[in-house]
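# Overview (structure and organization)
Here's the letter readout for the chains.
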Amino acid sequence: MTIARRLLMMVIPALLALLIAGALIDYRLALIAVRNTSDQALADAARASVQLLGGGNGMGQLAAPQRAAVADTPDTNAQLLYAIAAPDGHLISGSTLLPRISGGSNPSFADARINGRDLRVATLRVPSTSGTTSITVAAPTAYRAQALRAMLSGHLLVDFFELDGVTLLLWIGVYYSLRPVRQLGAQVESRSVRELQHIGEAQVPGEVRPLIVAVNRLLELLQIANGAQQRFIADAAHQLRTPLAGLLAQLELLLSKPAAAGMQADLGTLRRALQHVAHSANQLLVMARAEPMSVLPERLGTVGLLAMIGAVVERNLDRADLLQIDLGADAQPAEVLGDAWLLEDLLNNLVDNALTYTPAGGHVTVRCGNEAGVVFLEVEDDGPGIPPSERLRVRERFYRLPGSPGAGSGLGLAIVEQIARVHGADLLIETGSGGQGARLRVSFR
Amino acid sequence: MRLLVVEDNEVVADAIVGGLQLAGYTVDHAGSAELARNVLAVEHFDLAIVDIGLPGADGLSLVREVRAAGNGMPILVLTARYELQERIRAFDVGADDYVTKPFEQAELAARCRALIRRASVVPTGLLRMGRVAIDLLGRQLLIDERPVELTKREWLILESLAHQLGRIVPKDRLLQALAGWEAELTANAVETHVSRLRAKLGDAALIRTIRGVGYRLDETREEPAG
């Protein structure tokens, strides 16, 4: 999960909870405000009626017919209901249905339900010489609810937009403050396995810096390990090659001595075995050299394939002569960017492979050129070829075609494939022209 | 012919010395660059085989010293390190050729022979191989000590091949050598001149065609070095 997402997922529910709590508080406050306002209005109405009736002392003069008229029409649908009660308790005027509210305060308030309507009732007690006259006024609470709704919906709308705004600002803030981290990621991702130099710490946010420091330390260790591996390969090459060279040269010397005349066959077997060991050691070292970690950028350069073919053909000519194979080339000028040393190993392995599998009297041809903008390097022979079913497996390390002659290491094509891969090239195994033999082509994309 | 082998590994050194002695050379051995330096100061050698990985001062610094002292004898470098840079450095300090360990005795002897032959041309201008002698100063081909008439183009081809005795000379290099003489020259023209030259050499020397690569003047192997 990304930091941005985690941050937003943590903050947005909290914001929502805050919004709900805010709305509840708003509701309570609005409720109190609306009740206070409506109570005030009721109290005002009650006081106004006192004024109208000429104060507490005039109450008793209200005519009886008026009383009756009012009493007979208990119109609970009216906007404002009232009831005026004499000190003795009998109704002077207004609705008989209204309860009289008693309480510590004057006026006193209460909610009541009359004829299925919710009302807010206020009773004002007016003292006079003849006692206390009570004036009760009531108004439907529906007005109050309406006012409350209007007030609340406004509040909620504002809160909602606030939440949206805060979320958007948060997202923008997170996006921009994490930009250096994303850039860092892209920078690291675009590196190849060989680029082990430090990651710059300057542009990185403080929170990520410890991570970068740790990664840089790791890169340093990797560089040290890589250097150690390079040295090991070089040392191993030296340590193995020199004694092997000594053994082989001594054996050859022995073979040429008259005393060894009776042991030619045994010594020849010994020599072939030693040559096999030397070849295998060599191939393993080449394999190690061709590991992506071992391919150093400073060794890359423009490699002329034409000259390389000349050198490799020259190196293999004696062996081809010995095997009675016609080794030749058909090369056009072509260049690739790569490690000259590894590419020479690649071609050498292709040629070596072709010479191994081609019978006496056969032909091996090395080609290079540029076909439709793609530089290629290929070796074709007119030997038995590689069956289509084996064309994937022969690239595996230590795999050898069933019935293979000689004592190969089974690493040749694995090396070719590995070197091709580190050069961004493909190895294609096909049947040779004329439906015979094998054509192994390396295409540099 | 006297050769010096500078190699610290006794088994390798012993085999090289033995092999080259069988090939007819007089061979001395030095186990370190310091010993080699002392021997080279007082003795003359026709060729030195120098291992790069010597203890103490390494082979490359020995080659550099030899060249700095004005000694032009051919030097063949032995290397166990399979490094292109190592080979390039060997040539840079003045080595003439290199052989990678492990090597075949026959290959080492052939390289030595070719190097000595090429070096022997320098003072006299005469390259001798079996019945053939190529007089590079007098611009003349002798077979059995008798001069053979060559056209200018045939001579230019022979000269190019003789300078690279035993090594492949790419076809386009021969084409360049002839370019001064013929404005409109094709690869076919090179083939024509080579086949005429072959006819004149007969069986005294071999110009080998390496299909699609070039030509090589092969030395005859019957004559041992003395």
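Per chain, the residues get numbers from 1 upward, laid out in the order the sequence is written. Here the convention is simple: chains get letters from A, ligands get numbers from 1, in the order in which they are written. For a predicted model such as this one, the threshold for reporting local features is a pLDDT of at least 70, and the threshold for listing and counting side-chain atom pairs is 80 or more; totals across whole chains, interfaces and linings nevertheless cover every residue.

### Points about the overall build of chain A
Across its full length, chain A carries 9 helices and 12 strands. Residue burial in chain A is summarised as follows: out of 445 residues, 27% are buried. With C-beta atoms placed from the backbone, a contact is any residue pair whose C-beta atoms sit within 7 Å. Once local pairs closer than 6 in sequence are excluded, the contacts in chain A between residues at least 24 apart make up 64%. Strands are runs of DSSP state E lasting at least two residues, helices are runs of H or I lasting at least four, and both sets are numbered from the N terminus onward. Any residue whose C-beta has 12 or fewer other C-beta atoms within 10 Å is treated as exposed, any with 20 or more as buried, and any in between as partly exposed, C-beta atoms being built from the backbone.

### Thoughts on the overall build of chain B
When helices and strands are counted, chain B shows 8 helices and 12 strands. Residue burial in chain B is summarised as follows: out of 226 residues, 37% are buried. Across chain B, the fraction of contacts at a sequence separation of at least 24, relative to all contacts at a separation of at least 6, is 57%.

### Structural notes on the nonpolar core
Residues and elements named next belong to chain A. In plain words, the nonpolar core is the set of buried Ala, Val, Leu, Ile, Met, Phe, Trp, Tyr and Cys residues that C-beta atoms within 7 Å link up. One finds L305, I309, L346, L347, V351 and I419 to be the most contacted residues of the largest nonpolar core, which totals 71 residues. Counting residues per element, this core draws most heavily on helix 8 (residues 340–357), which supplies 10 residues. Residues within four places of L346 in sequence aside, it is in contact with V416, I419, A420 and V442.

### Observations regarding the interface of chain B and chain A
Reports of interface size often rely on the accessible area that becomes lost once the parts have come together. With 24 residues of chain B at the contact, the number on the chain A side is 28 residues. Contributing elements (two or more residues each) for the side of chain B that touches chain A: helix 1 (10–22) and strand 10 (168–170) of chain B. A per-element tally of the side of chain B that touches chain A places helix 1 of chain B first, with 7 residues. In this classification, the charged set is Asp, Glu, Lys and Arg, the nonpolar set is Ala, Val, Leu, Ile, Met, Phe, Trp, Tyr, Cys and Pro, and all remaining amino acids, among them Gly, are polar. Partitioning the side of chain B that touches chain A into residue classes produces 14 nonpolar, 6 polar and 4 charged.

### Notes on the sheet that holds strand 2 (residues 91–94) of chain A
Residue and element names in this part refer to chain A. By this definition, two strands are paired if DSSP reports at least two bridges between them. Taken together, the 5 strands give an open sheet; going across it, the order is 2-1-5-4-3, and neighbouring strands pair in antiparallel fashion. In this open sheet, the two edge strands, each paired with only one partner strand, are strand 2 and strand 3 (108–114). This sheet shows a mean twist of 20 degrees between the axes of neighbouring strands, independent of strand direction. By the bridge criterion, 10 bridges tie strand 4 (residues 117–128) to strand 5 (residues 131–140) in an arrangement that is antiparallel. Paired with P127 across the bridge in strand 5 is T132. Each of strand 1 (81–85), strand 3, strand 4 and strand 5 touches helix 1 (residues 3–52); the most contacted strand, strand 4, lies at about 45 degrees to it. Fitted lines through C-alpha atoms give the axes, limited to the stretch in contact for helices. The angle between two N-to-C directions lies from 0 to 180 degrees.

### What about the pairing of strand 11 (residues 425–431) of chain A?
All names here are of chain A. As defined by bridge partners, strand 11 adjoins strand 12 (residues 438–444) across 7 bridges and the pair is classed as antiparallel. Counted as the bridge partner of L427 is V442 from strand 12. Linking strand 11 to strand 12, which pair antiparallel, is a turn of 6 residues; within it G434 sits at a positive phi near 85 degrees.

### Comments concerning the sheet that holds strand 7 (residues 132–135) of chain B
Residues and elements named next belong to chain B. Judged by pairing direction, the sheet is antiparallel, and its 4 strands sit side by side in the order 6-7-8-9 without closing on themselves. At either margin of the open sheet sits one strand with a lone partner, and together these are strand 6 (126–129) and strand 9 (146–148). This sheet shows a mean twist of 25 degrees between the axes of neighbouring strands, independent of strand direction. Where strand 8 (residues 140–143) meets strand 9, 3 bridges bridge the pair, whose relative direction is antiparallel.

### Focus: helix 5 (residues 105–124) of chain B
With 20 residues, helix 5 of chain B should cover 28 Å at 1.5 Å per step; its first-to-last C-alpha distance of 29 Å lies within 8% of that length. When helix 5 of chain B is considered as a whole, its buried residues turn out to be Q105(B), L108(B), R111(B), C112(B), R113(B) and L115(B). To estimate how far a helix should extend, the number of its residues minus one is multiplied by 1.5 Å.

### Examining the packing of helix 6 (residues 152–163) of chain B against helix 8 (residues 187–201) of chain B
Residue and element names in this part refer to chain B. Across the interface, helix 6 lies against helix 8 with an axial gap of 9 Å and an inter-helix angle of 85 degrees. In terms of their interaxial angle, helix 6 and helix 8 are classed as roughly perpendicular. Across the interface between the two elements, R153, E154, I157 and L158 of helix 6 pack against H193, V194, R196 and L197 of helix 8. Residue composition of the contact of helix 6 with helix 8, grouped by class: 4 nonpolar, 1 polar and 3 charged. The cut-offs work like this: below 35 degrees is roughly parallel, past 145 is roughly antiparallel, 65 to 115 is roughly perpendicular, and the gaps in between are oblique.

### Side note on unusual backbone geometry
Backbone torsion omega between N106(A) and P107(A) reads 0 degrees, so that peptide bond is classified as cis. On the secondary structure map, P107(A) appears in the loop between strand 2 and strand 3. P102(B) follows K101(B) through a cis peptide bond whose omega is -5 degrees. Tracing the backbone through its elements, the reader meets P102(B) in the loop between strand 5 (97–100) and helix 5. With a phi angle near 55 degrees, Q324(A) is a residue other than glycine that sits in the positive phi range.

### A word on the environment of G408(A)
All names here are of chain A. Its place among the elements puts G408 in the loop between strand 10 (374–381) and helix 9 (412–422). Classification of G408 as buried rests on a count of 20 C-beta atoms within 10 Å. Apart from the residues within four sequence positions on either side, G408 is in contact with T356 and R400.

### Let's talk about helix 3 (residues 142–177) of chain A
End to end, helix 3 of chain A covers 52 Å across 36 residues, agreeing with the expected 52 Å (1.5 Å per residue, within 8%). Taking burial as the measure, the 36 residues of helix 3 of chain A include 0 buried ones, a minor fraction of the element.

### A few points about the environment of F398(A)
Mapped onto the elements of the fold, F398(A) is located in the loop between strand 10 and helix 9. F398(A) sits 15 residues away from L413(A) along the chain, and the two C-alpha atoms are 9.4 Å apart.

### Some details on the environment of L240(A)
All names here are of chain A. Tracing the backbone through its elements, the reader meets L240 in helix 5 (residues 209–255). Classification of L240 by C-beta neighbours within 10 Å gives buried; the count is 20. As for L240 and V277, which are separated by 37 residues in sequence, their C-alpha atoms are 9.9 Å apart.

### Looking at the confidence of the model for chain A
Mean pLDDT over chain A: 83, with 93% of residues reaching 70 or higher. Segment residues 62–74 of chain A is flagged for pLDDT under 50; beyond a separation of four residues in sequence, or across chains, it makes 14 contacts in the model. pLDDT measures the predictor's confidence residue by residue and takes values from 0 up to 100.

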